[in-house]
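Residues per chain, in single letters:
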Amino acid sequence: MGKLGPFIKIKPPGEKAKEYLKRDSKYISPSYTRVYPLVAERGEGCWIYDVDGNKYLDLNAGVAVCALGHSNPEILKVIEEQAKKLIHYSGTDFYYPPEIDLAEKLAEISPGAKNRKVFFSNSGAEAIECAIKLVKYHTNRPYLISFYSSFHGRTMGALSLTASKEIQRKGFYSLIPGIYHIYYPYCFRCIFNLSYPDCKFYCIEIIEETIFRKVLPPEEVAAIFFEPIQGEGGYVVPPPNYFKKLKEIADKYGILLVDDEVQTGMGRTGKFFGIEHWGIIPDILTVAKGIAGGLPLGACIAKSGIMSWKPGSHASTFGGNPVACKVALKIIEILENGLLENVRKVGEYLLNLLKEIEKKYEIIGDVRGKGLMIGVEIVKDKKSKERDKEKRDKIVYRCFEKGILLLPAGENCIRFCPPLIISKDEIDIGIEIFEEVLKEI
């Protein structure tokens, strides 16, 4: 591929990588899921270099985290400047400007009015845990609703909401009681064998007609937790007006809507928050991943009237770290000054390229997404739409061997979630190799 492309000097894993893999197997928890044996040493822009000198195009951004790519000079400057001033002083016990500045900015860019309050944590799962406690505290209601195939994290509360893979829940009984799951609008594989728009949102109708009549008293439901686009579930994009219909039911019964923007938020879909594509205002948003470009930071953003709990109700020693907060402020500034437009333009370019490939290959059943959050569903054939996990895994691994870093999502999907700074030229490089692999498979 030349200078601009990947460079594989030794088939991975190389000798240095193998040594690290050996040590990893001895000392690191086996619960981690590693799709291929990449041992990363450094990164620059949209490129990753492993310990053996191989160069890869990063099309997953460290699982949708590194919004500005790797070793971004503006981010490095912010980190250095803030680290020289103050690295840590626990924002739940004391005050410092970066935390307050970021809370104000998040309130400003969140959908709806600016009357928001923010709780800072270290991760998406922690932000979800905060939201679980908050909705119960505010409503004094016992039940929560989530979706099948959702992923909200692996801590016990977040895991109780999660219904993505059996292995994630196996062995952890008992989880938090009072959580019920409903079907997500997965139109490519409608569980009710209906088609949009003729379905008239039957997947929402049954909430009121069946769930609330036979299982759950609606006046005892505190909140519905949802992802605007399901992430780990397979990059599933709901149809237009879906969330407006869901909000109508929630408002009818005084049920809060909690929008999990951990993967879709901070510009990933071409807007600051994924839910903006559907035009509703959630009661609570949770963000993490791309908010601090690789530093640990999560946030739960709620309407001020909802986040009214008393001092001591919830706290976090490391949440709202001053260095991470300063980085988040810089990322928001860059998003506001043109990067969001790049996400929209390059995302549309990538989506169109993948849709053209979809027409040519029988094993691609669906291509969907918004911005730079795009899923490709691998099937045995277009007619049966039977999932083909084995081929999906082979494609992802072979791309790795040829210098492209992708990740799976759901049972049989491949996710494209590169750094938001990626160029059309870099997309072309990635797509060329991706299609080469499809031909091989």
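It should be noted that the structure appears before, not after, this text.
Residues numbered from 1 in each chain as written. Predicted model: local features only at pLDDT ≥ 70, side-chain atom pairs only at ≥ 80, totals over all residues. Heavy atoms only, no water.

Enquirer: Whenever I open this one, the overall build of the protein chain confuses me. Can you help?
Expert: Across its full length, the protein chain holds 12 helices and 15 strands. For a compact globule of 441 residues, the expected C-alpha radius of gyration is about 22 Å, and the protein chain comes in at 22 Å, within 12% of that figure. Along the longest, intermediate and shortest principal axes, the C-alpha atoms of the protein chain span 60 × 60 × 45 Å. Relative to all contacts within the protein chain whose residues are 6 or more apart in sequence, the contacts with residues 24 or more apart total 73%. Carbon and sulfur atoms provide 52% of the accessible area of the protein chain, an area that totals close to 20100 Å². Separation of charge centres in the protein chain, based on 61 positive and 57 negative side chains, amounts to 1 Å. (Helix = DSSP H or I, 4+ residues; strand = E, 2+ residues; numbered from the N terminus. Rg over C-alpha atoms; globule rule 2.2 N^0.38 Å. Contact = heavy atoms within 4.5 Å. Areas by Shrake-Rupley, 256 points an atom, 1.4 Å probe, with all protein chains shown as cover. Lys, Arg positive; Asp, Glu negative; His and termini not counted. Charge placed at Lys NZ, Arg CZ, Asp CG, Glu CD.)

Enquirer: Hey, could you run me through the nonpolar core in this one?
Expert: Nonpolar side chains in soluble globular proteins generally cluster together in the buried interior. Core analysis: the biggest nonpolar cluster contains 106 residues, and Leu106, Phe416 and Phe434 have the highest contact counts within it. Ranked by the residues each element gives to this core, the list is headed by helix H10 (residues 322-360), at 17 residues. Contact partners of Phe416, with chain neighbours within four places excluded, come to Leu59, Tyr235, Leu350, Leu354, Leu372, Met373, Ile374, Val376, Leu406, Ile431 and Phe434. Residues Ala222, Ala302, Met307 and Trp309 belong to the second largest nonpolar core, which totals 23 residues. (Core = buried A, V, L, I, M, F, W, Y, C linked by side-chain atoms within 4.5 Å. Buried < 20%, exposed > 50% of the residue type's maximum accessible area, 1.4 Å probe, protein only.)

Enquirer: How do you make sense of the sheet that holds strand E6 (residues 179-182) when you look at a structure like this?
Expert: As a general point, the strands of a sheet are linked pairwise by backbone hydrogen bonds and lie either parallel or antiparallel. Judged by pairing direction, the sheet is mixed, and its seven strands sit side by side in the order E4-E10-E9-E8-E7-E5-E6 without closing on themselves. Looking at strand neighbours, the two that pair on one side only are strand E4 (116-121) and E6, the edges of this open sheet. For this sheet, the mean inter-axis angle between neighbouring strands, taken without regard to orientation, is 20 degrees. (Pairing = 2+ DSSP bridges. Axes fitted to C-alpha atoms, helices over the stretch in contact; angles between N-to-C directions.)

Enquirer: I'm lost on a nonpolar patch on the surface in this one. Help?
Expert: A contiguous nonpolar patch, built from Tyr27, Ile28 and Tyr32 and spanning about 360 Å² of accessible area, is present on the exposed surface. Its place among the elements puts Ile28 in the loop between helix H1 (15-27) and strand E1 (40-44). (Patch = residues over 30% accessible without salt bridge, like charges linked within 9 Å, V, L, I, M, F, W, Y side chains within 5 Å. Salt bridge = Lys/Arg side-chain N within 4 Å of Asp/Glu carboxyl O.)

Enquirer: Would you mind going over the pairing of strand E3 (residues 55-58) with me for this structure?
Expert: Every other side chain in a regular strand lies on the same face of the sheet, so the side chains alternate between the two faces. The alternating pattern of E3 places Lys55 and Leu57 and Tyr56 and Asp58 on opposite faces, both of which are buried. Hairpin remark: strand E2 (residues 47-50) followed by E3, antiparallel, with four residues in the connecting loop; positive phi at Gly53, about 90 degrees. Pairing geometry for E3 and strand E13 (residues 404-405), over two bridges, is parallel. Counterpart to Asp58 in the pairing with E13 is Leu405.

Enquirer: It is not clear to me how the state of the cysteines should be interpreted in this structure. Could you clarify?
Expert: Two cysteines joined by a covalent bond between their sulfur atoms form a disulfide. Within this structure, the stated rule accounts for zero disulfides. The thiol sulfur of Cys187 is not disulfide-bonded, and the nearest other cysteine sulfur, from Cys199, lies at 6.2 Å. Residue class for Cys187 comes out partly exposed when judged on its relative accessible area of 40%. Cysteine Cys417 is unpaired, with the sulfur of Cys66 as its nearest cysteine sulfur at 10 Å. Residue Cys417 is classed as buried on the basis of its relative accessible area of 0%. (Disulfide = S-S within 2.5 Å.)

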